[in-house]
Structures are given as C-alpha cells and as structure tokens.
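# Analysis of the macromolecular model
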Amino acid sequence: MIRVRMAPSPTGFLHIGGVRTFLFNWLFARGREGGECLLRIENTDTGREVAESTEQIKRSLSWLGIDWDGEVRFQLDRMDECQQLARRLVDEGKAYEDEGAIRFRMPDDGETGWDDVVRGRIDFPNAQLEDVVLVRSDGRPTYNFASPVEDMLDGISHVIRGSDHVSNTPKQIQVLGALGAELPVYAHASDVLGTDGKKLSKRHGAQSVDELREQGYIPAAIVNFLARLGWAYDDKTEVFSREELVEHFSLERVSASPAVFDYQKLAWLNGVHLRNLPPEEYADRVSAYLRDQGAEWKEDLVRKAAPLVQEKIETLAEFQAYTRFLFEDVSPDPSLLDGGSPVLAEAEIALAGLEPFTADQIERVLRGLAERLELKPREAFQPLRIAVTGSKISPGLFESLELLGREETLRRLRAARGAAA
RNA sequence: GCCCCCAUCGACUAGCGGCCCAGGUCGCCACCCUUUCAAGGUGGUAGCGCGGGUUCGAAUCCCGCUGGGGGCACCA
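What comes next concerns the included structure.

The rules behind these values
Residues numbered from 1 in each chain as written. Chains lettered and ligands numbered in written order. Predicted model: local features only at pLDDT ≥ 70, side-chain atom pairs only at ≥ 80, totals over all residues. Heavy atoms only, no water. Helix = DSSP H or I, 4+ residues; strand = E, 2+ residues; numbered from the N terminus. Buried < 20%, exposed > 50% of the residue type's maximum accessible area, 1.4 Å probe, protein only. Polar contact = N/O pair within 3.5 Å; in protein donor to acceptor, adjacent residues only side chain to side chain. Contact = heavy atoms within 4.5 Å. Near = heavy atom within 4 Å. Pairing = 2+ DSSP bridges. Axes fitted to C-alpha atoms, helices over the stretch in contact; angles between N-to-C directions.

What follows covers the side chain of asparagine 270. Relative to the helices and strands, asparagine 270 resides in helix α9 (residues 263-276). On the basis of relative accessibility, which here comes to 0%, the residue asparagine 270 falls in the buried class. Side-chain polar atoms of asparagine 270 contact the backbone oxygen of glycine 216, separated by 3.1 Å. What asparagine 270 contacts, discounting residues up to four positions off in sequence, is Gly216, Tyr217, Ile218, Ala221, Glu314 and Thr315.

For the rest of this paragraph, the subject is the protein's contact with RNA strand B. Near RNA strand B you find 65 residues, and of these Arg119, Arg136, Gly230, Lys312 and Arg385 are the closest. Backbone atoms, meaning sugar and phosphate, form 74% of the atoms of RNA strand B found within 4 Å of the protein. Take lysine 236: an N or O atom from its main chain is 3.5 Å from a sugar or linking oxygen of RNA strand B. One of the side-chain nitrogen or oxygen atoms of arginine 275 is found 3.4 Å away from a sugar or linking oxygen of RNA strand B. The biggest single contributor to the surface near RNA strand B is helix α16 (residues 377-389), with 5 residues.

Taken in spatial order, the 3 strands make up an open sheet running β4-β5-β8, and their pairing is antiparallel. Sheet topology places β4 (95-98) and β8 (133-135) at the edges, where each strand pairs with a single neighbour. Averaged over all adjacent pairs, the angle separating strand axes in this sheet is 40 degrees, with direction ignored. Sheet topology note: the β4/strand β5 (residues 101-104) ladder contains 4 bridges and is antiparallel. Of the residues in β5, the one forming a bridge with glutamate 97 is isoleucine 102.

In structure tokens form, the structure reads like this:
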C-alpha cells in the first residue's frame, strides 16, 4: 500500500518550492496502483499560524489540479494520541520529564541512518542528536514528535520532503524505533534556488502560486516546469502533459542537487502549453484570467479575439496588449502614419463595398491593392495596421479587421487619414 | 564552531568505466519563412570546479581541497 502526505505548515501562502515537493508526492501516489496522497496541515506551532492560510493552500493546490484523498487533517488533532504515546515512552524509560516538557532520550553512541531514495545512504553520529522535546510544557506536541507519530498512525509508506528535513530524519527514526513502528521509506528532494543561487525567497520575483497565476501562467505549464526541476525522464523530453508526468515520474530519477528556478524557461513552457490548448479551452483560460484580474471586457468578444493571439503570447498577461484595439478606440502616432495616406485612402474605398467582410475577402482585396500601388505587402499593410490597431504590433491584420467590423474599420481609416494629413 | 548533503554549458538536465574530443531543452546570436509580433525551420555560442589516486581506459569509482546548500529551538 502506497500512501504519502503533503504537509504544509499554515504560515502563509503556498511557496513554489513547497509546491514542487507536494507535486512529487502527488505524482508518485497517482502513478502507483491504489496510491493515496493525504493533505496534512502541520499546525503544532499555534503561535505562527496565519489565519486563512489553510484555505489559501487548498485553493492553490486545487487550481493546480493537485488533489488529495480524504479530509484535510490537522496535526494538532492528534494531540491526545501524542500525549499518551509520550507518557508511554516515559514509563518505559525512553523519555523523561524536563521542567514540565517531555524529552526523548537519544542514544549517545553509534549511528542512525537510512537509505534515502534520492540521496543514497545517510548516517548521523548519535552523539550529534540532542534529546528533543516531544511534548511542550503546555501539552502541545512538537513537530519532531507529531510528524512521525502521525506518519505511523496514518500508515505513511513514503516520506517525500525537502532536503531541509534531512537532519530531522535521524531523530524521527529514533522516535519511531522507540515506538516500535515500522519505518517509512524516505526521499529527500533538493531545494529550489533563486536566480542568484540562494534559496528561493521574497527577493526573487514570483514565489507563490497566486503570483504566478496573476502573471498569466497556467497550471499545465507550472506543473510541467516544476516536475522538470530536479527530475528528468530521459535525455530529450521537455514537454509533458499531466498524464504523462503521472505515468513517467519516479523517485529514483529525482536529483539530489539543488535546482535554480528559471523564469525564462517557465515562460517558454507556458507558451507551449497555451498553444497546445484546444481553442475552446484556450478561450476559457483567457476569459477566466481576465475575470480574475478584474478586467471588464465583453466575454463574447474576448472569446472571438482569443484565436487571433493563441500563437503569439507566452503568458495570459499579454493578451490585453495585443487585443486592446478591439475593445477601445485607438490614437495612432501620426509620425508612424507618414506617407501611408494613399494606402489608407485606397483601402477605405476598397473595403467600403466588400461583401462579405471576412478575413479571406479582406486579404484578397488588400493584396490586390498593394499590387496596384506597387508596394511590398509589408509596406502596404503596416500603415493600415497602425491606423486600425494603433500599434506596430498586432494580431494578423485581416482577421483583426474582420473582427473589428467594416464600420469601425472604415471609421479608423478615415480618422488616420485626417491625422496623417 | 559541529553535523549532513550537493557539484556537467548562463539555466534545467542526459550520462550510472570504453557508445562522450559530452547529448537534449531554455536563453543568446545568425540565417530562412513571413502582413507586424510571435510561432516554425536551419545553423551557431557555451560545460564535466581544482588536485591527487584506481584502471589498459574516468564526466562516470576513491581521497583531499574549493565552492554552494541545509541543519544544530518547548519553529516546522
């Protein structure tokens, strides 16, 4: 029976490095027959608990598509069991009271070690292990007691966590041994570092799932990127769907060395996944994002505009810059219109009677016009683009005009002619 | 200070003794395609931290050094 747990502490938003650890747990469990993945909130330090953070963690994981089995558990709910177990250890002489707290009696010589799935054999000299507090004087268990106890009670088979827990492991192994529990398999993944080589922190741009979401990254890309940070399937595959990740993930191929979070690669992957989306789903993503951001753009027009930029943007945040001209009037820079007037006037005439007003027809007419004026396509189209979209950069001209509609197109051509003159 | 871990292009990585004068991807540069921007195509740039071993042979194994990370709480 495979059972793992994701164990955030409720001290704030979900950190991107933590998410990767959870993702490893989740991929591992979902890839095994009958594997289960629990969500446990490690809240034994009541003083540091931040209100709402549990809800925020659940929301972020759900948004990423990382789910869990059963109810969310809270470590403090096992307070009674922890106290009883600690009592028992005292009775057996394996722990002792110390000014109201209960401390574990660590062995003085020998070594404590384990075979880590990602790091290989690790041994600690027991002399290095201090007598850890199991239960505080106010009765609350500490992390180093509650965590292994709960792992035991829940039948956790694999403990997959960050390398910052390596030095806790020998202590927890000793506690588990004293309790007569079977040891789980341990796998300690490395840390995620910022671009400066330091552990990811507030200084490194986006560091929470919420921030990534605001910046226009989508779950498929984030999951793909995070999975590839410290893990590789082979020597060439970079793009994975969620299903492929579940199918191929293995702890044995997780790297022990720290990885740097590279926003450029994340952006590239985001573009790849955005382009891979079926048009309908892509439109869903775009409008959901705009709603999230509080942009009050007409939904049906957003959906129609979506296909025009699916090939062009890397993050959802770029959508508005490309399509703003469809939602608002434009004010083209007159200097950019210079010399374009003949094209503007001719286009206005040519498009005025065009029926039907579709991208295909618009293209046919405008290409013909460029030929008559003996202009290269780019020379003829750029003034039109600027006149109608107000920018040198836009989605395809013909599709853009179709969407804008004849009336508005002609109006803008006229306005531009006035401005250029 | 003590303990533990890590070390291949700028970044993510493949490599588990000969297939590697090191492969893929992002980035960057050039060219092609092209209605702009992208996308796509082609080519290029760039790396085994250092020093000792072991071996016929080392990116791969061992030791040391250096560098980086983590931990040493009645935090998690």
